[in-house]
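# Fold and geometry: a report
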Amino acid sequence: MSKTMNFTNPENGEVTELPMIEGTLGPAGVDVRSVYGQQGIFTYDPSFSSTCSCDSAITYIDGGNGILLYRGYPVDQLAKNSSFIEVAYLLLNGELPNASELEEFDTAIRRHTMLNESLTKFFQGFRYDAHPMAMLTGVVGSLSGFYHDTTDIYNPEHRKIFARRMIAKIPTIAAAAYKRYVGQPFVYPKNELDYCSNLLRMLFAVPAEEYEVDPVAAKALDVLFILHADHEQNASTSTVRMAGSTGCNPYAAISSGIAALWGPAHGGANEAVLRMLDQIGDVSQIPRFIEKAKDKNDPFRLMGFGHRVYKNFDPRANIIREYCHQVLEHLGMEDNPLFELALKLEEVALNDDYFKEKKLYPNVDFYSGIIYKALGIPVNMFTPMFAIARTVGWCAHWMEMIGDPAMRIARPRQIYVGSDQRDYVQMNQR
Ligand code: SDX
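The present account deals with the structure reproduced in this document. (Residues numbered from 1 in each chain as written. Predicted model: local features only at pLDDT ≥ 70, side-chain atom pairs only at ≥ 80, totals over all residues. Heavy atoms only, no water.)

All right, on to the overall build of the protein then. Each helix and strand in the protein was counted, giving 17 helices and 6 strands. A compact globule built from 430 residues should have a C-alpha radius of gyration of about 22 Å, and the protein, at 24 Å, falls within 12% of that. When the backbone C-alpha atoms are referred to their principal axes, the protein occupies close to 80 × 65 × 60 Å. Per-residue burial over the protein gives 47% buried out of 430 residues. For the protein, restricting intrachain contacts to residue pairs at least 6 apart in sequence, the fraction spanning at least 24 positions comes to 70%. (Helix = DSSP H or I, 4+ residues; strand = E, 2+ residues; numbered from the N terminus. Rg over C-alpha atoms; globule rule 2.2 N^0.38 Å. Buried < 20%, exposed > 50% of the residue type's maximum accessible area, 1.4 Å probe, protein only. Contact = heavy atoms within 4.5 Å.)

Structure representation (structure tokens):
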């Protein structure tokens, strides 16, 4: 006997029995789809804090216990034992690949990293100092104009080719945006390099000298990308699902996700954290900025702190903090002043009643920027780094949604609070 919840209309006492939906893990949901049809009443949850937009088998988050699973595997185990390409396969297909499956997938990705040559000219159309995220949004959206051979989104083979192309090309596009920004020539990908080594070379190689990839830097990026690959129904993934539910070209849907990720409350936070640390400047200024963050009249927030779901700790932040130590030590930057400032800021905030009461802990963005900066990646490329990793999650969720025969266009309703109906007023009457 499945469980139900009664919805009683306060106007007339009419009762609608609503079925409960149980998942594998986590809270159950009450299915409210029949409420409006039966009771003429909407449910109301403007920022979706208590609302499930779908059911999904990709990622599970337990915000209270700091648990993050990709297809059931704990993210700390994947960060320790796996690779970003293997995690990409897992998120897209639901199972870890065997050796031959991984080989085939890795080879396919390496062979789709180039851009159509005319696409490389798009970057010249941007102002020299355009933010790389503006270029990513525009160029990824334009990909829909290049691949007319695989636009049948209801063909599983077309969906598979799209995902491989998108995951393969996003590093090339991000690196090209960076080269446009710094005024250096575009660097073509090299198929013999792994995913993150290829990205580092496309970012930092110049024609004037040979470029040697630092394997520790490539490994650091690989771990960061694993940790950023997916995060269930976050704002940018929900945007990809919403856009994709109209049946639009998948490259356009991913472009909408990139635009959503750019916001400082979301993926733009890693860039905002570094700007905030530069603004604080010194540990002596920490108390002043902690007070600013607590002041309701001050728009300043502690960037990299807080999370809609994690109300204990963000498991990714803990892994990245630890990894920060290792990378900085390898690079001979153990006494990196930014890292020292971040550690002290975290210590002071976590001992402050305001942050404890509101359950505000460091999130994935708090330490990632320190590693990116130590690797020589400029601050305005931090969010593009996040976008490269999250492209895997966006593709996985888009494929899961489009592959669901029950999928319908997403179309929320509203509570109307505007003017009552009124007649037009002629100009001489106003
Ligand atoms: C990401 O959703 C995801 O999964 C996102 C992400 C992913 O992998 O996709 O995890 C990636 O986006 C991480 C979050 C990065 N953003 C930041 O670090 C920006 C700073 N954080 C805040 O903007 C905020 O914490 C959010 C946006 C992350 C969460 O916002 P919520 O859940 O809507 O929380 P809230 O704004 O309602 O805050 C609750 C209270 C408020 O005070 P009261 O109104 O209750 O008095 O906490 C306060 C807020 O003012 N608060 C902060 C704060 N974050 C929340 N106060 C100071 N500094 C902060 N950082």
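The subject of this paragraph is the site of the ligand. Taken together, 24 residues are adjacent to the ligand, and His-231, His-307, Arg-308, Arg-316 and Arg-390 come closest. Between the ligand and the protein, one listed contact pairs a nitrogen atom with a backbone N or O atom of Leu-302 at 2.8 Å. Contact between the ligand and Lys-358: an oxygen atom at 3.1 Å from a side-chain N or O atom of the residue. By residue class, the composition of the shell around the ligand is 10 nonpolar, 7 polar and 7 charged. (Near = heavy atom within 4 Å. Polar contact = N/O pair within 3.5 Å; in protein donor to acceptor, adjacent residues only side chain to side chain. Nonpolar A, V, L, I, M, F, W, Y, C, P; charged D, E, K, R; others polar.)

A few words now on the packing of aromatic side chains. For the structure shown, the criterion picks out 17 aromatic pairs. On the numbers, 5.3 Å between centres and 45 degrees between planes, the contact of Phe-84 with Tyr-195 is tilted. Pair noted here: Phe-84 is in helix α3 (residues 84–93) and Tyr-195 is in helix α7 (residues 195–204), with a separation of 111 residues, a long-range link. The pair formed by Phe-84 and Tyr-195 is uniform in burial state, with each residue classed as buried. One aromatic cluster in this structure is built from Phe-305, Phe-339, Tyr-354, Phe-355, Phe-366 and Tyr-367. (Phe/Tyr/Trp six-rings, centres within 6.5 Å; stacked < 30°, edge-to-face > 60°.)

Spatially, the 3 strands line up as an open sheet ordered β4-β5-β6, and their pairing is antiparallel. The sheet is open, and its two borders are formed by β4 (59–62) and β6 (73–74), each paired with just one other strand. Pairing geometry for strand β5 (residues 67–70) and β6, over 2 bridges, is antiparallel. Its bridge partner being in β6, Leu-69 is matched across the sheet by Pro-74. (Pairing = 2+ DSSP bridges.)

Judged by side-chain polarity, Met-5, Val-30 and Val-32 come together as a nonpolar surface patch covering roughly 210 Å² of accessible area. With respect to the secondary-structure elements, Met-5 resides in strand β1 (residues 4–8). Using a relative accessible area of 42% as the deciding quantity, one classes Met-5 as partly exposed. (Patch = residues over 30% accessible without salt bridge, like charges linked within 9 Å, V, L, I, M, F, W, Y side chains within 5 Å. Areas by Shrake-Rupley, 256 points an atom, 1.4 Å probe, with all protein chains shown as cover. Salt bridge = Lys/Arg side-chain N within 4 Å of Asp/Glu carboxyl O.)

Strand order across the open sheet formed by 3 strands is β1-β2-β3, with antiparallel pairing between neighbours. The strands lining the two open edges of the sheet, one partner per strand, are β1 and β3 (29–30). Bridge analysis of strand β2 (residues 15–21) against β3 gives 2 bridges, and the strand direction is antiparallel. Each bridged residue has a counterpart across the sheet, and for Met-20 the counterpart in β3 is Val-30.

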